[in-house]
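So you can see what is in the structure, the chains are spelled out below.
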Amino acid sequence: MIPSFTYRHLPPDAGDNDWQQALPYGWDMPVADDQRLIGPANPWIPTRVALISPALRHYLQCGEECLQRANGPEATISPPHVIILSRAHADVLADWLDKHATVPSRPADTHIVSSSEDDETIARRLQRLCGSKNEDWRHGVFMEVGGLGVLIRGSAGIGKSEVALELLSRGHRLIADDAPCFTAHGAEVTGSCPDRLFGLLEVRGIGIVDIRELFGSNALKARKYLRLIVDLYAADAGRPIGAEERLFGDRGNERVAGQTIPVWRLPVAPGRNLAVLLETIVRQRNLERQRGGQPASPQIARLFSDGEIPSRTDEKPEPWS
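Residues numbered from 1 in each chain as written. Predicted model: local features only at pLDDT ≥ 70, side-chain atom pairs only at ≥ 80, totals over all residues. Heavy atoms only, no water.

A. Summary view of the nonpolar core. Of all hydrophobic cores here, the largest spans 29 residues; its most connected members are Met143, Val150, Leu232 and Leu278. Of all the secondary-structure elements, those providing two or more residues to this core are β7 (141-145), β8 (148-154), α6 (160-169), β12 (200-203), β15 (228-234), β17 (259-268) and α9 (274-290). Every residue in contact with Leu232, bar those within four places of it in the chain, is listed here: Ile152, Arg153, Gly154, Ser155, Ile158, Lys160, Val163, Leu266, Val268 and Leu274. Among the nonpolar cores identified, the runner-up in size contains 19 residues, and Phe142, Phe182, Val189 and Ile229 belong to it. (Core = buried A, V, L, I, M, F, W, Y, C linked by side-chain atoms within 4.5 Å. Buried < 20%, exposed > 50% of the residue type's maximum accessible area, 1.4 Å probe, protein only. Helix = DSSP H or I, 4+ residues; strand = E, 2+ residues; numbered from the N terminus. Contact = heavy atoms within 4.5 Å.)

Structural data, given as structure tokens:
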């Protein structure tokens with residue numbers, strides 16, 4: 001049964017006042033320690049404001065069930081319940097529910113808002129509106145690889161869980177799957193897992209597996225500094241690769257919990273050993289951090305006519321974990 005709901009679409013030029021009017025009274029009230037105020041929709045984590053991206057809407061393929069469970073297990077978080085459909089057009093709700101939903105006349109249980117903004121932009125706006133800037137949520141698998149805290153991201157079905165299993169079999173450790181929470185402490189960002197999901201990993205075709213039972217307690221870690229984000233994407237997605245990307249890898253930066261975190265984008269194709277490639281990225285990143293951000297070795301520097309390695313302005317020395 002579809003819960004009763006209200007619905008409003010916000011245009012691209014909507015400001016903070018428009019968002020405040022669209023959100024129900026009390027949406028920013030504090031929640032318990034084991035609950036989230038804002039985060040991606042997850043049926044196992046109580047979340048007052050649940051964000052649902054286009055990829056998640058496509059993956060779920062069931063708007064009715066998702067509306068029922070987007071804010072987590074029933075009756076575990078106090079109202080109001082808010083669902084935000086990101087990167088959406090005005091008719092997204094009807095399309096998503098396949099026109100099976102109608103707006104009931106009884107008081108609404110859930111408040112649905114759609115916007116053309118992406119998850120990250122919406123989350124930052126809501127955190128600013130409620131005065132919380134030091135907590136952030138990202139979808140992906142957060143692991144300790146070679147002593148480095150690495151968030152592995154990518155679209156549904158790209159192979160994140162398979163890479164995580166391979167890394168676990170190679171002695172690395174799982175921190176959080178699906179919904180890691182990142183909190184800023186000064187200049188550092190620490191990632192951890194909600195209690196009810198700690199030690200669990202969802203693998204397509206297998207289901208939810210208990211990592212402690214399969215690999216032992218040493219395969220788990222409670223928290224870790226976030227040092228790197230690795231984005232997995234399909235090699236045939238048509239992403240252009242320039243000269244600098246061929247020399248130093250496809251890189252960038254992203255703000256997480258108010259801090260800048262380096263991003264490394266890795267193409268996925270049949271036959272590529274992603275676990276080995278990810279380990280190599282971590283080794284490279286650790287070497288660069290030891291060199292104060294220098295992205296290449298003296299051996300590579302000899303390839304350039306002046307013997308100098310081209311500098312990268314977005315790199316800077318980092319403290320060790």
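B. Just the packing of α6 against α9, in detail. In the contact formed by α6 and α9, the axes pass within 9 Å of each other and the chain directions differ by 70°. The orientation of α6 relative to α9 falls into the category roughly perpendicular. In this structure, α6 contributes Val163, Glu166 and Leu167 to the contact, and α9 contributes Leu274, Ala275, Leu278 and Glu279. Taken together, the residues of the contact of α6 with α9 sort by class into five nonpolar, no polar and two charged. (Axes fitted to C-alpha atoms, helices over the stretch in contact; angles between N-to-C directions. Parallel < 35°, antiparallel > 145°, perpendicular 65-115°, else oblique. Nonpolar A, V, L, I, M, F, W, Y, C, P; charged D, E, K, R; others polar.)

C. Main features of the sheet that holds strand β3 (residues 47-52). An order of β1-β5-β4-β3-β2 is seen for the five strands of this open sheet, with the pairing classed as parallel. Here the strands that pair on one side only, and so sit at the sheet edges, are β1 (5-10) and β2 (36-40). Within the sheet, the average angular offset between the axes of one strand and its neighbour, ignoring direction, is 15°. Bridge count for β3 against strand β4 (residues 81-85) is four bridges, and the pairing is parallel. By the bridge assignment for β4, Leu51 is matched with Ile84. Lying on the sheet, helix α5 (residues 119-129) is in contact with β2, β3, β4 and β5 (110-115); it crosses β3 at an angle near 155°. (Pairing = 2+ DSSP bridges.)

D. Quick look at the pairing of β15. Across the seven residues that make up β15, a large majority, six, are buried. Here β8 runs beside β15; their pairing, made up of five bridges, is parallel. Along β15, the bridge assignment pairs Arg153 with Asp231. Pairing between β15 and β17: six bridges, direction parallel. Each bridged residue has a counterpart across the sheet, and for Asp231 the counterpart in β17 is Arg265.

E. Examining the sheet that holds β15 more closely. Spatially, β9-β7-β8-β15-β17-β16 is the arrangement adopted by the six strands of the open sheet, whose pairing is mixed. Each of the sheet's edge strands pairs with one partner strand only, and the pair in question is β9 (173-177) and β16 (250-256). Taking the axes of each pair of neighbouring strands and ignoring which way they run, one obtains an average angle of 30° across the sheet. Note that β16 and β17 share seven bridges and pair antiparallel. What sits directly across from Val256, in β17, is Gln259. Of the strands in this sheet, β7, β8, β15, β16 and β17 touch α9, which is tilted by about 145° from β17.

F. Examining the side chain of Ser114 more closely. You can see Ser114 is positioned in strand β5. A relative accessible area of 0% means that Ser114 is categorised as buried.

G. Spotlight on the packing of aromatic side chains. A full pass over the atoms with the stated rule returns one aromatic pair. A ring pair is formed by Phe142 and Phe182, whose centres lie 5.1 Å apart and whose planes are at 70°; its orientation type is edge-to-face. Of the two residues, Phe142 sits in strand β7 while Phe182 sits in strand β10 (residues 181-185), which places them 40 residues apart along the sequence. Under the relative-accessibility criterion, Phe142 is labelled buried at 0%. Arg36 extends its terminal NZ or CZ atom over the ring of Trp137, reaching a point 4.3 Å from the ring centre. Above the plane of the ring of Trp264 lies Arg251, whose end atom (NZ or CZ) is 3.9 Å from the centre. (Phe/Tyr/Trp six-rings, centres within 6.5 Å; stacked < 30°, edge-to-face > 60°. Lys NZ or Arg CZ within 6 Å of the ring centre and 35° of its normal.)

H. Structural detail: the confidence of the model for the protein. On average, residues of the protein score 82 in pLDDT, and 84% of them reach the 70 mark or higher. Within the protein, the lowest mean pLDDT, 69, falls on helix α3 (residues 63-69), and the highest, 96, falls on β7. Of the regions scoring below 50 in pLDDT, residues 316-321 engages in 18 contacts with residues more than four places distant in sequence or in other chains. (pLDDT = per-residue confidence, 0-100.)

I. View of unusual backbone geometry. Each neighbour pair has its own omega, and for Pro79 with Pro80 the value is 5°, a cis peptide bond. Relative to the helices and strands, Pro80 resides in the loop between α3 and β4. A positive phi angle, near 45°, is found at Arg87, a position not held by glycine. Of note, Arg87 is situated in the loop between β4 and α4 (92-96). For Arg87, a relative accessible area of 57% translates into the label exposed. The backbone of Asp178 shows a phi angle near 80°, a positive value even though the residue is not glycine. Looking at the element boundaries, Asp178 is found in the loop between β9 and β10.

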